[in-house]
Amino acid sequence: MSTDARVTKNLIETLKDGADGFGSAADKLESSDTATLADSFRRFSAQRSAFAAELEILAAEYGDDIDEDGSVKAAVHRGWMAIKDLASGSSPSGVLDAAEQGEDYAVEQYQEALGEDISADLRMTVERQFVEVKAAHDEVRGLRNSLS
């Protein structure tokens, strides 16, 4: 597997996990006294889905076959987030805490991707997405801090 394919596959998995996580968090937040946060989390979920689709299209253009099987690293992260989700329950602060940890992971994955020797087109896409992922991370952190 080429470096571009490996990096793309990892980011797509991270983005899909993020889209699912933000969607679940939005569902939990809708029934809380901070239901307005659900709109932000739905926006983040849609953003992650769009980013994953963009990377899938780019990979297909390069002829890379990005299978849907998750990596061990992503599976471990998903397992950790599931445990964290059970522990945090449905409280807005618990949901935001878990979301921030998920965002820490997403930022880390983008930083690792940018440290790889990837093609110019992929680098440009990853750099652009990273700016928005980092902004979402910072927004989630700000939301969590405002509830503390």
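About the criteria used
Residues numbered from 1 in each chain as written. Predicted model: local features only at pLDDT ≥ 70, side-chain atom pairs only at ≥ 80, totals over all residues. Heavy atoms only, no water. Helix = DSSP H or I, 4+ residues; strand = E, 2+ residues; numbered from the N terminus. Polar contact = N/O pair within 3.5 Å; in protein donor to acceptor, adjacent residues only side chain to side chain. Core = buried A, V, L, I, M, F, W, Y, C linked by side-chain atoms within 4.5 Å. Buried < 20%, exposed > 50% of the residue type's maximum accessible area, 1.4 Å probe, protein only. Salt bridge = Lys/Arg side-chain N within 4 Å of Asp/Glu carboxyl O. Phe/Tyr/Trp six-rings, centres within 6.5 Å; stacked < 30°, edge-to-face > 60°. Contact = heavy atoms within 4.5 Å. Expected span 1.5 Å × (residues − 1).

Caption draft 1: Main features of the environment of Ser2. Tracing the chain through its elements places Ser2 in the segment before α1 (3-30). On a C-alpha basis, the gap between Ser2 and Asp64 in space is 8.3 Å, while along the polypeptide they are 62 residues apart. A distance of 3.0 Å separates the side chain of Ser2 from the backbone nitrogen of Ala5, its partner in a polar contact.

Caption draft 2: Representation of the nonpolar core. Formed by 17 residues in total, the largest nonpolar core has its most connected members in Leu11, Leu55, Tyr110 and Leu122. Sorting the residues of this core by element identifies α1, α2 (36-62), α4 (92-114) and α5 (120-147) as the ones contributing at least two each. Listed in part, the 14 residues of the second largest apolar core include Ala25, Phe41, Phe44 and Leu143.

Caption draft 3: Main features of the pattern of salt bridges. Counting across every chain of the model gives 10 salt bridges. Of the charged contacts in the structure, one is a salt bridge between Glu30 and Arg42, with a shortest N-O distance of 2.9 Å. Taken together, the positions of Glu30 in helix α1 and Arg42 in helix α2 put the pair 12 residues apart, joining distant regions of the chain. Under the relative-accessibility criterion, Glu30 is labelled partly exposed at 45%. Here Arg42 falls in the partly exposed class, since its relative accessible area comes to 32%. Within the structure, one salt-bridge network assembled from shared partners comprises Asp27, Glu30 and Arg42.

Caption draft 4: Local environment of the packing of aromatic side chains. Taken as a whole and judged by the stated rule, the model has four aromatic pairs. Centre to centre, the rings of Phe22 and Phe44 are 5.1 Å apart; their planes meet at 50 degrees, and the pair counts as tilted. Taken together, the residues Phe22 in helix α1 and Phe44 in helix α2 connect sequence positions 22 residues apart. Phe44 matches Phe22 in its accessibility class, with the two residues each being buried. Ring centres of Tyr110 and Phe130 lie 6.2 Å apart, and the angle between their planes is 25 degrees; this geometry places the pair in the stacked category.

Caption draft 5: Quick look at the environment of Phe51. The topology assignment puts Phe51 in helix α2. Residue Phe51 is classed as buried on the basis of its relative accessible area of 6%. Apart from residues no more than four positions distant in its own chain, Phe51 is found in contact with Leu15, Tyr110, Gln129, Glu132 and Val133.

Caption draft 6: Looking closely at the environment of Gly94. The residue Gly94 is located in helix α4 in this model. Of the residues examined, Gly94 reaches a relative accessible area of 9% and is grouped as buried. Separated by 50 residues in sequence, Gly94 and Arg144 place their C-alpha atoms 8.8 Å apart.

Caption draft 7: View of α2. Over its 27 residues, α2 extends 40 Å from the first C-alpha to the last, a length consistent with the 39 Å expected when each residue adds 1.5 Å. Residue Gly63 follows α2 closely and has a positive phi angle near 85 degrees.

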